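An overview of the molecular structure
Chain by chain, the residues:
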Amino acid sequence: MKLKLAIYWGAACGGCDVAILDVHEKLLDIADAADIYLWPIAMDFKYSDVEKMEDGYLDVAMYSGAIRNSENEEIAHLLRKKAKVMVALGSCAHLGGIPSLANLFTKEEIFNRVYIESESTVNEEKVFPTEAWNNGNGEELELPKFYNTVKSLNQVVDVDYYIPGCPPVPLQIFSAFTLIRDGMLPPKGAVIGAGDRALCDQCERKKEEKKITEIKRIQEAIPDPERCFLEQGFICLGPVTRAGCGARCINSGVPCRGCYGPVYGVYDQGIKMLSALASVLEPKEQEEIDLSLIHISEPTRLGMISYAVFCLK
């Protein structure tokens, strides 16, 4: 019998869904082995169709995206109830991802920025979204409740497996599906299709174990394409990030931002990266140390905080 598959996205950009399509002709193999019962980005299914299913009716539910609002949470609970296996697909479902940067601010601060302060917003009456609105003719419109905190999928429901990446490598997605199809899944809680070692082990850039005296942003200098980013002073999370992506960003001239999550055994990716920085940073004076720490604050938010400090473990 064919597998019964559901695919859904919460707070995300949609890149994980595109990565599924990027398996190209292998999508036909997936279609041969599975029937898709929910995939909002590609097919016209309704939530009510899923609600009518018996509990455990679906074999696998792949959920991408973080939990930003009440709709994200409601569907996460629904799919967990209807599926035998729940898979967190991509960085946002795995660890919170880019959406979890919102945890640096409150809901009120975000709304004020978007609906009042934004340079592209004209809102003289200072109108904010409401969760319910009645047009006076008996018709009521509802919006999902916008939460103050962004959460990863496993902070809301029980997750069986994780496929990391922003987005995951398409071949990794297909490999995970193959494992599911063939009944060869690893123990519950495993990260599928990614290695246990650091990305630096896959990186072909030359490492000379040199100390650095300053931190540079990628727009401030042109990196040497053959040397280690970190040894040139560019923040690269390769030392603390799980391998498996094939070093796609690094091979394209962009330092790693940690989307595959922490190396096996590392609880806090951000703190571990600060430790790695401390091992290569060698300012000569205390004042230089203070300036360096100020300088790395923004890259730290973009990388370390996005995938570790604010995943609310």
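Described in the following lines is the structure provided in the data block. From a predicted model like this one, the values you see are computed outputs, not experimental measurements. (Residues numbered from 1 in each chain as written. Predicted model: local features only at pLDDT ≥ 70, side-chain atom pairs only at ≥ 80, totals over all residues. Heavy atoms only, no water.)

1. Notes on the sheet that holds strand E2 (residues 34–38)
- Here five strands make up an open sheet; going across it, the order is E2-E1-E3-E5-E9 and the pairing parallel. Here the strands that pair on one side only, and so sit at the sheet edges, are E2 and strand E9 (161–163). The average undirected angle you get between the axes of adjacent strands in this sheet is 30°.
- With three bridges connecting them, strand E5 (residues 83–89) and E9 associate as parallel partners. Each residue of the ladder has a partner; that of Val-87, found in E9, is Tyr-161.
- Sitting on the sheet, helix H4 (residues 70–82) is in contact with strand E1 (3–9), E2, strand E3 (58–64) and E5, with an inclination near 140° to E5.
- Sitting on the sheet, helix H7 (residues 170–181) touches E1, E2, E3, E5 and E9, and the angle it makes with E1 is about 145°. (Pairing = 2+ DSSP bridges. Helix = DSSP H or I, 4+ residues; strand = E, 2+ residues; numbered from the N terminus. Axes fitted to C-alpha atoms, helices over the stretch in contact; angles between N-to-C directions. Contact = heavy atoms within 4.5 Å.)

2. Brief notes about the packing of aromatic side chains
- Following the criterion strictly, the structure yields eight aromatic pairs and no others.
- Arranged with centres 6.2 Å apart and planes meeting at 70°, the rings of Tyr-115 and Phe-128 form a pair that is edge-to-face. Separated by 13 residues along the polypeptide, Tyr-115 in helix H6 (residues 107–117) and Phe-128 in the loop between H6 and strand E6 (132–134) bring together distant segments of the chain.
- The class for Phe-128 is partly exposed, based on a relative accessible area of 35%.
- In textbook terms, an aromatic cluster arises when at least three aromatic residues are bridged by ring pairs, as seen for Phe-111, Tyr-115, Phe-128 and Phe-146.
- Between Lys-4 and the ring centre of Tyr-57, over which it is positioned, the NZ or CZ distance is 5.0 Å.
- If you follow Lys-107 out to its NZ or CZ, it ends over the ring of Phe-111, 5.7 Å from the centre. (Phe/Tyr/Trp six-rings, centres within 6.5 Å; stacked < 30°, edge-to-face > 60°. Buried < 20%, exposed > 50% of the residue type's maximum accessible area, 1.4 Å probe, protein only. Lys NZ or Arg CZ within 6 Å of the ring centre and 35° of its normal.)

3. A look at the pattern of salt bridges
- One pass over the full model with this rule turns up 13 salt bridges.
- The residue Asp-44 makes a salt bridge to Lys-46 at a minimum N-O spacing of 3.0 Å.
- The exposure class assigned to Lys-46 is partly exposed, which follows from its relative accessible area of 45%.
- Note that Arg-181 is salt-bridged to Asp-182, the shortest N-O span being 3.0 Å.
- Since its relative accessible area comes to 38%, Arg-181 is described here as partly exposed.
- The network of salt bridges with common partners includes Arg-80, Asp-158, Asp-160 and Lys-188. (Salt bridge = Lys/Arg side-chain N within 4 Å of Asp/Glu carboxyl O.)

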